[in-house]
Amino acid sequence: MTTTEKDRTVETVGTDAGPARITWFPAEGAAGARLVLALGHGAGGGIEARDLRALAAALPAHGVTVALVEQPWRVAGKKLAPAPRTLDTGWRGVWPALAAAAGVPVVAGGRSAGARVACRTAAELGARAVLALAFPLHPPGKPEKSREDELTGTGVPTLVVQGGNDPFGRPAEFSPGTYGIAEVPYADHGFAVPKKAGTTQEEALGTLTAAVTGWLSTGLAPV
């Protein structure tokens, strides 16, 4: 089922994990899209996350169609995310619809748990690159339980955008060299910044969208 709402189209897609939902924000301009950026949400929220919404608002003006993907558990109204294997199944199920859009390359991405899904499945699905927002490098307070192998194993160009105060992994904790990393100063796991920070929330999101826009415009090379 597909419905249209102002500047977006909402599409329901069947997967082996249940129905998923894609909200499309089409690229602007007569030239159409040069890329599709598919973004999954985290385990504790949906596509209303501030970073996902900021990218959906900013990138269409730069020739990028943004597809915000809601996992089946979220579409079903459940409050708890299922196991990683089930999340991967849901993501695989929407990929044909993502890949068919406009006949252009698809960059896989997401925030937090959604970023992990994109990393784990990028090579097998043929993603052009991976965008990892607020990648949960480790559980808070447990740096010994690193998930960095998911980042190093994507097999495609990868950019991490991380809050400077993210308890799931601050930028300095990531190893350099195998992927790019961009920091949003003072931001937490949800890219919120405290009022006492030397920047505003709008400026923080501007830093995030500028980093992603620049990366998508310069050949997706590590930064």
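The numbers attached to residues start from 1 for each chain and follow its sequence in the written order. Restriction of local features to residues with pLDDT of at least 70 applies here, the model being predicted, together with a cutoff of 80 or more for giving and counting side-chain atom pairs; totals for whole chains, interfaces and linings are based on all residues. With hydrogens and water stripped out, all remaining heavy atoms of the structure feed into the side-chain values.

**Student:** I tried to follow the packing of aromatic side chains on my own but got confused; where do I start?
**Tutor:** Any two aromatic rings considered together are summarised by their centre-to-centre distance and by the angle between their planes. The pairing test for Phe, Tyr and Trp rings, Trp by its six-membered ring, is centres within 6.5 Å, and the orientation test on the planes gives stacked under 30 degrees, edge-to-face over 60, and tilted for anything in between. Counted by the stated rule, this structure contains two aromatic pairs. Their ring planes at 50 degrees and their centres at 6.3 Å tell us that W91 and W95 sit as a pair that is tilted. Linking W91 with W95, this pair stays in helix α3 (residues 84–100), spanning four residues, or about one helical turn. W95 sits in the buried class, given a relative accessible area of 7%. Note on F174 and Y179: the rings are 6.4 Å apart at their centroids and 85 degrees apart in plane angle, and the pair reads as edge-to-face. Across this residue pair, the class does not change: F174 and Y179 are buried. Here a strand is any run of E in DSSP of at least two residues, a helix any run of H or I of at least four, and the numbering for each starts at the N terminus. When a residue's accessible area, from a 1.4 Å probe over protein chains only, is under 20% of the maximum for its type it is buried; when over 50% it is exposed; and in between it is partly exposed.

**Student:** Is there a simple way to explain unusual backbone geometry in this structure?
**Tutor:** Note on backbone geometry: most residues besides glycine have negative phi, and most peptide bonds are trans. Positive phi is not limited to glycine here, since A134 has a value of about 50 degrees. For A134, the location among the structural elements is in the loop between β7 (129–133) and α5 (148–152). The class for A134 is buried, based on a relative accessible area of 0%. For Y186, which is not a glycine, the phi torsion comes out positive at approximately 70 degrees. The residue Y186 is located in the loop between β9 (180–184) and α6 (201–217) in this model. Residue class for Y186 comes out partly exposed when judged on its relative accessible area of 43%.

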